Amino acid sequence: LAEISRPGAEALDAADPLAGFRARFDIADEQLVYLDGNSLGMLPRSTLARLGEAVREEWGGRLIRGWSEGWMELPLLVGDELGAAALGAATGQVAVGDSTSVCFYKLCAAALDEVAGEPGGFERDEIVSDVENFPTDRYVLEGLAAARGMKLRLAPSVADAMALAGPRTALASFSHVSYRTAEVVELPVVAAELRAAGARCVWDLSHSVGSVELALDEWEAELAVGCSYKYLNGGPGAPAWMYVARELQGSLRQPIWGWLGRRDPFLMAPGYEAADGMRRFLSGTPPVLALHAVRAGVALVADAGIAGIAQKGRALTSFCVEAADRLLGPLGGSVASPREDSRRGAHVALAHPRARTLVDRLATRGVIVDFREPDLLRFGLSPLTTRFVDVWDGVAALRDCLLG
Ligand SMILES: Cc1ncc(COP(=O)(O)O)c(C=O)c1O
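### Things to note about the nonpolar core
Here's step 1: One finds L82, L87, F174, W203, L216, W241 and Y243 to be the most contacted residues of the largest nonpolar core, which totals 57 residues.
Here's step 2: Sorting elements by how many residues they give to this core places helix α9 (residues 288–304) first, with seven residues.
Here's step 3: L35, V367, F379 and L398 belong to the second largest nonpolar core, which has 35 residues in total.

Right, dumping it as structure tokens:
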């Protein structure tokens, strides 16, 4: 067991098999204690090189020819690479493009249309989620329910929401790792219960992807989305991804019938006919430069291996929980994340009534964490870039703020 101290943190860094990955990032300020990779991951060096090349050689050099020389394939190619590196998804089931909110809307609308078209589907007039789900998901569901005359039922927790799921449920949606507390939902169990209830589920894996192990095919997850600017280090506003299990693809139609989701788009033919496979979930022109950045981030995850990343995530968060208990417990700070390693993603939420001002005071000391209403400080620990000494220094700085 590691000693919970700065020398203990140094010893853990010295023994960390992933320690070398930090050097593969372009870190402008080595003094900054950056504990916010769960909002925006750091900049990989390979992204700098890849984007430079893509801009010069692909955009500058190929110009319009780029579309027939690979750009059109990028959303599905990067999707396949992501599926293999981090999702436990076989090829042909992941597409990258659009924001998380738009991807989420597309899959939820597709699932609702599918259910509505089934015999007796009109009897399923409810959507179920929980109040802890990320705001964009709740708002998108609210909009879908309003547009279709359905009822959105938001329960206090995933377990309470599952108690509401039944013959009237068309769709459920949950986050696998909570954006607030990092609590992990037992995805395969919940997914199986919803299947048994005849409802579809769209999972938000934004806080899971690149931080914990996922086995979407094996878990029969069916439908999922996630962002790529957190633990995938794809950059600010990086395009999000959609996962649609192969066996569902033929029966689902997403609602934005853009030309690039059509069969043979360059025929410019009258009428929309959905393309086969994942391509039908695309709508417009792919964000080529941003896809190159996501690809570089995914390659780093593939190199490090998601099992090792997840293991380090558990070690970092466990060290953070113990350091918080020791240094902050006596000062009124408490751990709001699960204590059991297997039930936690890669951030730790610490509760304190003065959380908002503490986050600002930490920033003036060169420690970046974030605040979530009403009283949470989130310490995001990115296994590829965060060191154990960063965790120690961050928690110690918070103690100093509380004392000072
Ligand atoms: C769980 C989750 N879903 C969605 C989003 C954001 O969606 P978008 O990428 O459309 O802004 C976030 C952003 O932090 C998130 O944490």
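Resuming the write-up.
### A word on the site of the ligand
Here's step 1: In the vicinity of the ligand, the contacting residues are S99, T100, S101, F134, T136, D137, D204, S206, H207, Y229 and K230.
Here's step 2: Within the side chain of H207, one N or O atom sits 3.0 Å away from an oxygen atom of the ligand.
Here's step 3: Considered on its own, the ligand offers 400 Å² of accessible surface; in the complex 82% of this is hidden by protein.
Here's step 4: Elements with a minimum of two residues in the shell around the ligand: α4 (100–117) and α5 (135–148).
Here's step 5: Residues that form the shell around the ligand fall into these classes: two nonpolar, six polar and three charged.

### A closer look at unusual backbone geometry
One can expect most non-glycine residues to show negative phi and most peptide bonds to be in trans.
Here's step 1: Geometrically, the link from E373 to P374 is a cis peptide bond, its omega value of -10° lying close to zero.
Here's step 2: Within the secondary structure, P374 is located in the loop between β12 (370–372) and β13 (376–380).
Here's step 3: Of note, D98 is a non-glycine position whose phi angle comes to about 70°, a positive value.
Here's step 4: Along the chain, D98 falls in the loop between β2 (94–96) and α4.
Here's step 5: If you check the backbone angles, N233 has positive phi at about 55° while not being a glycine.

### A closer look at the packing of helix α3 (residues 74–87) against α9
Here's step 1: For the pair α3 and α9, the least separation of the axes is 9 Å and the interaxial angle reads 20°. For the element pair α3 / α9, the angle class is roughly parallel. Crossing hand, α3 versus α9: left-handed. Contacts between α3 and α9 involve L74, P75, L77, V78, E81, L82, A85 and A86 from the first element and V288, L291, H292, V294, R295, V298, V301 and A302 from the second.
Here's step 2: Residue classes in the contact of α3 with α9 are distributed as 13 nonpolar, one polar and two charged.

### Topic: a nonpolar patch on the surface
Here's step 1: Taken together, the side chains of V55, W59, L63, I64 and L289 make up a nonpolar region of the molecular surface, amounting to roughly 490 Å² of accessible area.
Here's step 2: Relative to the elements of secondary structure, V55 occurs in helix α2 (residues 45–62).
Here's step 3: Judged by relative accessible area, which is 34%, V55 ranks as partly exposed.

### With respect to the sheet that holds strand β4 (residues 151–155)
Sheets are built from strands that pair by backbone hydrogen bonding, the pairs being arranged parallel or antiparallel.
Here's step 1: Taken together, seven strands build an open sheet; the order of strands is β2-β8-β7-β6-β5-β3-β4 and the sheet is mixed. Edge positions in the open sheet fall to β2 and β4, since each of these has one partner strand only. Each neighbouring strand pair of the sheet contributes to a mean axis angle of 20°, computed without reference to strand direction.
Here's step 2: Looking at chain direction, β2 and strand β8 (residues 241–244) are connected through three bridges and run antiparallel. Paired with A95 across the strands is M242, a residue of β8.
Here's step 3: Of the strands in this sheet, β5 (169–175) and β6 (200–204) are in contact with helix α7 (residues 187–196), which crosses β6 at around 155°.

### Things to note about the pairing of strand β10 (residues 347–351)
Here's step 1: The element β10 is extensively covered by neighbouring structure, given that five of its five residues are classed as buried.
Here's step 2: The side-chain alternation of β10 yields two buried faces, one formed by H347, A349 and A351 and the other by V348 and L350.
Here's step 3: Bridge count between strand β9 (residues 334–335) and β10: two bridges; the pairing is antiparallel. Bridge pairing in β10 links S334 to A351.

### Section: the sheet that holds β13
Here's step 1: With respect to topology, four strands assemble into an open sheet ordered β9-β10-β13-β12, the strand pairing being antiparallel. Of all the strands in the sheet, just β9 and β12 have a single pairing partner and so form its edges.
Here's step 2: Relative to β13, β10 is paired through five bridges, and the arrangement is antiparallel. From the neighbouring strand, L350 faces β13, where its bridge partner is L377.
Here's step 3: The strands touched by helix α10 (residues 306–328) within the sheet are β9, β10 and β13, with β10 carrying the most contacts at an inclination of about 20°.
Here's step 4: Along the sheet face, helix α11 (residues 355–364) touches β12 and β13 and points at about 40° away from the line of β13.

### Considering the packing of helix α1 (residues 6–14) against helix α12 (residues 388–403)
How two helices sit against one another is set out by the angle between their axes and by the gap between those axes.
Here's step 1: Close contact between α1 and α12 brings their axes to 7 Å; oriented N to C, the two are set at 160°. The angle between the axes of α1 and α12 places the two elements in the roughly antiparallel class. For the pair α1 and α12, the sense of crossing is right-handed. On α12, the residues touching R6, A9, E10, L12 and D13 of α1 are F388, V389, W392 and D393.
Here's step 2: Partitioned by chemical class, the residues of the contact of α1 with α12 number five nonpolar, no polar and four charged.

### Observations concerning the side chain of S211
Here's step 1: Turning to its location among the elements, S211 is positioned in the loop between β6 and β7 (223–226).
Here's step 2: On the basis of relative accessibility, which here comes to 1%, the residue S211 falls in the buried class.
Here's step 3: Filtering out sequence-adjacent residues up to four positions away, S211 remains in contact with Y231, I306, I309, A310 and A346.

### A look at the side chain of H176
Here's step 1: By secondary structure assignment, the location of H176 is in the loop between β5 and α7.
Here's step 2: Of note is the side chain of H176, whose polar atom sits 2.9 Å from the side chain of S208.
Here's step 3: For H176, the residues in contact, after removing those within four places along its chain, are E183, V184, V185, L187, W203, D204, L205, S208, V212, L214 and W219.

Procedures and definitions
- Residues numbered from 1 in each chain as written.
- Predicted model: local features only at pLDDT ≥ 70, side-chain atom pairs only at ≥ 80, totals over all residues.
- Heavy atoms only, no water.
- Core = buried A, V, L, I, M, F, W, Y, C linked by side-chain atoms within 4.5 Å.
- Buried < 20%, exposed > 50% of the residue type's maximum accessible area, 1.4 Å probe, protein only.
- Helix = DSSP H or I, 4+ residues; strand = E, 2+ residues; numbered from the N terminus.
- Near = heavy atom within 4 Å.
- Polar contact = N/O pair within 3.5 Å; in protein donor to acceptor, adjacent residues only side chain to side chain.
- Areas by Shrake-Rupley, 256 points an atom, 1.4 Å probe, with all protein chains shown as cover.
- Nonpolar A, V, L, I, M, F, W, Y, C, P; charged D, E, K, R; others polar.
- Axes fitted to C-alpha atoms, helices over the stretch in contact; angles between N-to-C directions.
- Parallel < 35°, antiparallel > 145°, perpendicular 65-115°, else oblique.
- Left-handed = near helix turned anticlockwise from the far one by under 90°.
- Contact = heavy atoms within 4.5 Å.
- Patch = residues over 30% accessible without salt bridge, like charges linked within 9 Å, V, L, I, M, F, W, Y side chains within 5 Å.
- Salt bridge = Lys/Arg side-chain N within 4 Å of Asp/Glu carboxyl O.
- Pairing = 2+ DSSP bridges.

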